[in-house]
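Chain by chain, the residues run as shown.
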Amino acid sequence: MTKILVVDDEPQIRRALRTSLEAHGYEVRTAANGTEAIEAAADASPDLMLLDLGLPDIDGRSVIERIRGFSEVPVIVVSVRDLQADKVAALDAGADDYVTKPFAMEELLARLRATLRRSHPEDPAPPVRRVGDLEIDLSRRLVTLGAERIHLTKTEWGLLEALVTNPGKLLTHQWLLRRVWGPGYAEESHYLRVYVRALRRKLGDAAAAPRLILTEPGVGYRWIAEDP
Amino acid sequence: MSAWHRFGNPSRVRSALVGIAAASLSTGLAVTVHPAPALGAVAIYLLGVVGAATLGGAAAGVVASLLSFLSLNYFFTFPRYTFRVASADDIVSLCVFLIVAVIVGSLVSRALAEGARAARSEREARLLSYFATKVMSGHALGRVLDDFTGSLLEALGLARCEIHARAGEDVLDARRVREGVAEGGAITIPIRVGSEEVGAITAVPPFSAGGLLEEDRRLLEQSAKQVAIALERAGLDAQVVRARTEVEINQARAALFSSVTHDLRTPLASIKAAVTTLLQEDVTLDEEPRRELLTTVLEETDRLNRLLGNLLDLAKVRAGALVPAKEPTAVDEVVESVLHRMADRLAAVRVRTLLRDAPEVPVDPVQLDQVVTNLLENAIRFSPAGGEVVISVAPWQGAVQLRITDQGPGIVPEERERVFQAFYRGDAKERSGSGLGLAIARAIVLAHGGRIRIEGAPSGGTAVVLELPLADAAPLPQETAS
């Protein structure tokens, strides 16, 4: 059974989440503050953690940093804080995703499943991904749209690979820049905008109605293409 | 008055009078004693000249010398009681006396003047350095200027001293007067900051002093410069305070905004999570989890409603829309009715009431009811199980004082003013309140001209003290800890 640790200081939200998650077949453990959360993360070795940021004793961001010291458990932040700065800070501290309160249960469950899939791949990910008539061959570094071969620059390919291999995950500007361009480029988010635009054009995706790359304004990008 | 003026400067008149008096005294003494050799009389007259120079300055010395010369001639040289002089020797002696007397007189007066000038410079230096310390002391400008006027009045022996200055929007006036002293002509020294004239020092010497000396004028000019520095400094201080206040206000606004966001969204989050779970078609919930989720929705809806009610109350009071409908009200009766209504919740604590016979106060009983309710809710929330809550009502210095004391964890002095801010929660672990109760209470109490504050209780808990003025009393100043 998949174990979920729910950390929130509001008893009502803990109760609602517990009821809902248990109904979906998850095993639920709860913690009301940061100290309990860190203890539970160490003792109960949960498969995933839902973490509120505004905890009474330790700020949620510090909780993530401290848990990252001993565990790679996926963390989804669930918070009323909706500022970009809060999201970026939590993600940079090591959170895997960010859901803003109030949320619909379906959305939280979908994010939760996507995060669990990434952290526990049932099979080694196939080297070839297909989305509609788009085919991405990760081992041979080939992209085809319909019958047409698409030529990507080295940077464009690096960006696409980073997105495709982290399906559903919110990737911050800083993370993408470090990964694709290197550590010296973490602040150059305009590079990223230029390359994402180019990639979208070549792959036939539109920012206004995205099928592949979703923009999280001010925070980062998410690969939303459903795997078959 | 006009006769005096025609006669001349009062100080010259004074010199002449001193000279005449000294010569007359010497004559009287010399004639009475009538020393055999005229030499004795000469010595007495010289003493008179020295006295005149000491008391009345060089001019008095000269007057005394001339009169002494004439008196010696009249009373002591042959033929006596005439201004004629028989012997050539006596003429020489008299002339020598006159020269010696004038020289001695002027030497004495000059030495004295030097001494006086030295003492004066020292006093001036002391005064200016005192002013400089005052300027740097950071005391309120009004107080510094008041100090300046007082010191100048003393140091220059003035009849009246005034400093008038503009500091930003404020106009400051400091004024000291020596009672019962006739005033001479006033002089006014402008105070300049840069090229702008921002005020003036007015110095009025006593009429008898006959005007101010050049040194006095210089001292006043130096003082005006010090006042200008003080004004400039106060202006800079005010700018710093304004900037700091603005930052604090912005921070407080941001904190308030994030509190409202948190407090409104948190119950909404529970409701939405519960409802979206209930609406899901892929799971079938048993009866018990269904009930739990519905209970959550109900509880959180009530919580939201309470919060919104409080927010609206606060907004109304702050906007001045909640005008108190004042009527003579017995505070103890309001307290008793609240106690009755809250009886269920008060069962968790021990309530002790000390309701002394207090006069009625003009308040809106409904609003007072809300204040008392908010205060009691806090007392219950923070009390340990079975803790004692003491409610006392008593007359107190033109007001009626209501005091609610609990045995909770107490509030440290630094926090006692902050707890009245909206959404401020003293203890982050205690989230059950809206964080608005005390803010609303204070707003209502202020609208009634009363005041409310937190004190430490001897038991270690919190005492909330509320004072409402009687009908004919002035509004109580709400002191706020800075």
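Bear in mind that the values here come from a model prediction, so they are computed numbers and not experimental data.

Basis of the calculations
Residues numbered from 1 in each chain as written. Chains lettered and ligands numbered in written order. Predicted model: local features only at pLDDT ≥ 70, side-chain atom pairs only at ≥ 80, totals over all residues. Helix = DSSP H or I, 4+ residues; strand = E, 2+ residues; numbered from the N terminus. Buried ≥ 20, exposed ≤ 12 C-beta atoms within 10 Å, placed from the backbone. Contact = placed C-beta atoms within 7 Å. Nonpolar A, V, L, I, M, F, W, Y, C, P; charged D, E, K, R; others polar. Pairing = 2+ DSSP bridges. Axes fitted to C-alpha atoms, helices over the stretch in contact; angles between N-to-C directions. Parallel < 35°, antiparallel > 145°, perpendicular 65-115°, else oblique. Left-handed = near helix turned anticlockwise from the far one by under 90°. Core = buried A, V, L, I, M, F, W, Y, C linked by C-beta atoms within 7 Å. Arc of directions from axis to C-beta. pLDDT = per-residue confidence, 0-100.

Undergrad: For this particular structure, what's the right way to read the overall build of chain A?
TA: From N to C terminus, chain A includes eight helices and 12 strands. The burial tally for chain A puts 39% of its 228 residues in the buried class. In chain A, the proportion of contacts linking residues at least 24 apart, taken out of those at least 6 apart, comes to 55%.

Undergrad: Even after reading the chapter, I still don't get the overall build of chain B, so can you show me in this structure?
TA: A tally of helices and strands in chain B yields 11 helices and 11 strands. Split into buried and exposed, the 482 residues of chain B put 33% on the buried side. Counting contacts in chain B only where the partners sit at least 6 residues apart, residues at least 24 apart contribute 68% of the total.

Undergrad: Looking at this structure, how should I read the environment of Val331 of chain B?
TA: Tracing the backbone shows Val331 of chain B in helix H8 (residues 331–341). Along the sequence, Val331 of chain B and Leu402 of chain B sit 71 residues apart, while their C-alpha atoms lie 7.9 Å from each other.

Undergrad: I would appreciate a short explanation of the interface of chain B and chain A in the present structure.
TA: A common way to report how large an interface is uses the accessible area buried once the components associate. Counting residues at the interface gives 24 residues for chain B, matched by 20 residues for chain A. Secondary-structure elements contributing two or more residues to the side of chain B that touches chain A are helix H6 (214–279) and helix H7 (287–318) of chain B. Ranked by residue count, the leading element in the side of chain B that touches chain A is H6 of chain B, at 12 residues. Of the residues contributing to the side of chain B that touches chain A, the split by class is nine nonpolar, eight polar and seven charged.

Undergrad: Would you mind showing me how to read the sheet that holds strand S10 (residues 451–456) of chain B here?
TA: Hydrogen bonds between backbone groups are what pair the strands of a sheet, and the pairing can be parallel or antiparallel. Residues and elements named next belong to chain B. Across the sheet, which stays open at both edges, the five strands sit in the order S6-S8-S9-S11-S10 with mixed pairing between neighbours. If you trace the sheet from one side to the other, it starts and ends with strand S6 (350–355) and S10, each paired once. Strand-to-strand twist in this sheet, taken as the mean axis angle between neighbours without regard to direction, amounts to 15 degrees. Strand direction decides the pairing type here: strand S9 (residues 399–405) and strand S11 (residues 462–469), joined by seven bridges, are antiparallel.

Undergrad: Would you mind showing me how to read the packing of helix H2 (residues 34–43) of chain A against helix H3 (residues 60–68) of chain A here?
TA: How two helices pack is summed up by the angle between their axes together with the distance between the axes. Residue and element names in this part refer to chain A. In the contact formed by H2 and H3, the axes pass within 10 Å of each other and the chain directions differ by 25 degrees. Accordingly, the angle class assigned to the pair H2 and H3 is roughly parallel. Crossing geometry of H2 relative to H3 is assigned as right-handed. Along its contact with H2, which presents Gly34, Ala37, Ile38 and Ala41, the element H3 presents Val63, Arg66 and Ile67. Partitioned by chemical class, the residues of the contact of H2 with H3 number five nonpolar, one polar and one charged.

Undergrad: Explanation requested: the sheet that holds strand S1 (residues 160–167) of chain B in the structure shown.
TA: Residues and elements named next belong to chain B. An order of S2-S1-S4-S3 is seen for the four strands of this open sheet, with the pairing classed as antiparallel. Edge positions in the open sheet fall to strand S2 (170–177) and strand S3 (187–193), since each of these has one partner strand only. Averaged over all pairs of adjacent strands, the angle between strand axes in this sheet comes to 15 degrees, irrespective of strand direction. Across the sheet, helix H5 (residues 141–155) lies against S1, S2 and strand S4 (196–204), angled at about 30 degrees from S2, the strand it touches most.

Undergrad: I tried to follow the pairing of strand S6 (residues 128–131) of chain A on my own but got confused; where do I start?
TA: Consecutive residues of a regular strand have side chains that alternate between opposite faces of the sheet. Residues and elements named next belong to chain A. Where S6 lies against strand S7 (residues 134–137), four bridges are found, and the strand directions are antiparallel. Each bridged residue has a counterpart across the sheet, and for Val131 the counterpart in S7 is Leu134. Counting the residues in the hairpin turn of S6 and S7 gives two residues, including Gly132, whose phi is positive at 60 degrees.

Undergrad: Just to check I follow, could you spell out unusual backbone geometry for this structure?
TA: The peptide bond linking Lys101 of chain A to Pro102 of chain A adopts the cis configuration, its omega dihedral lying at -10 degrees. Assignment of secondary structure puts Pro102 of chain A in the loop between strand S5 (97–100) and helix H5 (105–119). Each neighbour pair has its own omega, and for Phe78 of chain B with Pro79 of chain B the value is -10 degrees, a cis peptide bond. Here Pro79 of chain B is to be found in the loop between helix H3 (38–76) and helix H4 (88–136). One non-glycine residue, Tyr81 of chain B, adopts positive backbone phi at about 60 degrees. Here Tyr81 of chain B is to be found in the loop between H3 and H4. Classification of Tyr81 of chain B as exposed rests on a count of 7 C-beta atoms within 10 Å. If you check the backbone angles, Gln397 of chain B has positive phi at about 45 degrees while not being a glycine.

Undergrad: I keep staring at the nonpolar core and nothing clicks. Help me out?
TA: Within soluble globular proteins, side chains that are nonpolar tend to cluster in buried spots. Formed by 47 residues in total, the largest nonpolar core has its most connected members in Leu5, Ala37, Met49, Leu50, Leu51 and Val77 of chain A. Apart from the residues lying within four places of it in its own chain, the contact partners of Val77 of chain A are Leu51, Leu53, Gly60, Ala90, Ala95 and Tyr98 of chain A. Core analysis: the second largest hydrophobic core is formed by 43 residues, Val334, Phe420, Ala439 and Val464 of chain B among them.

Undergrad: Sorry if this is basic, but what is going on with H3 of chain A here?
TA: Side chains three or four residues apart in an α-helix point the same way, a direct result of the helix having 3.6 residues per turn. Listed as buried for H3 of chain A are Gly60, Arg61, Val63, Ile64 and Ile67 of chain A. The buried residues of H3 of chain A occupy an angular sector of 160 degrees when projected down its axis, which confines them to one face.

Undergrad: Explain the environment of Ala23 of chain B here, please?
TA: Residue and element names in this part refer to chain B. Looking at the secondary structure, you find Ala23 in helix H2 (residues 10–33). As for Ala23 and Leu66, which are separated by 43 residues in sequence, their C-alpha atoms are 8.7 Å apart. If sequence neighbours within four positions are ignored, Ala23 has contacts with Gly48, Ala64, Leu67, Ser68 and Ser71.

Undergrad: Would you mind going over helix H6 (residues 154–164) of chain A with me for this structure?
TA: Residues and elements named next belong to chain A. Of the positions making up H6, those classed as buried are Leu159, Leu160 and Leu163. What you see down the axis of H6 is that its buried residues fit within an arc of 95 degrees, all on one side. Those residues of H6 that are buried lie in contact with S7, strand S10 (170–172), helix H7 (173–180), helix H8 (189–203), strand S11 (213–216) and strand S12 (220–223).

Undergrad: Please explain the packing of H7 of chain A against H8 of chain A as it appears in this structure.
TA: All names here are of chain A. For the pair H7 and H8, interaxial distance at closest approach is 10 Å and the crossing angle is 80 degrees. It follows that H7 is roughly perpendicular to H8 by the angle criterion. Touching His173, Leu176 and Leu177 of H7 are Ser189, Tyr191 and Leu192, all from H8. Residues belonging to the contact of H7 with H8 are distributed by class as follows: four nonpolar, two polar and no charged.

Undergrad: Just checking my understanding: could you explain the pairing of strand S8 (residues 388–396) of chain B for this structure?
TA: Residue and element names in this part refer to chain B. Relative to S8, S6 runs parallel, the two being bridged by six bridges. Residue pairing for S8: Leu354 is matched across the bridge by Ser392. Note that S8 and S9 share seven bridges and pair antiparallel. Across the sheet, the residue bridging to Ser392 is Arg403, located in S9. In textbook terms, the turn of a hairpin is the stretch between consecutive antiparallel strands, and for S8 and S9 this stretch comprises two residues, one of which, Gln397, has a positive phi near 45 degrees.

Undergrad: Honestly, the confidence of the model for chain B in this entry has me stumped. Any pointers?
TA: Low pLDDT means the predicted coordinates in that region are not meant to be read closely. For chain B, the average pLDDT comes to 83, and 93% of its residues sit at 70 or higher. Across residues 1–8 of chain B, confidence stays below pLDDT 50; counting only partners more than four residues off in sequence or on other chains, it has three contacts.

Undergrad: Can you walk me through the environment of Glu183 of chain B in this structure?
TA: Residue and element names in this part refer to chain B. By the secondary structure assignment, Glu183 is in the loop between S2 and S3. Distance from Glu183 to Gly211, taken between C-alpha atoms, is 9.9 Å for residues 28 residues apart in sequence. Contacts of Glu183, omitting those with residues within four sequence positions, involve Ala159, Arg160, Val204, Pro206 and Phe207.

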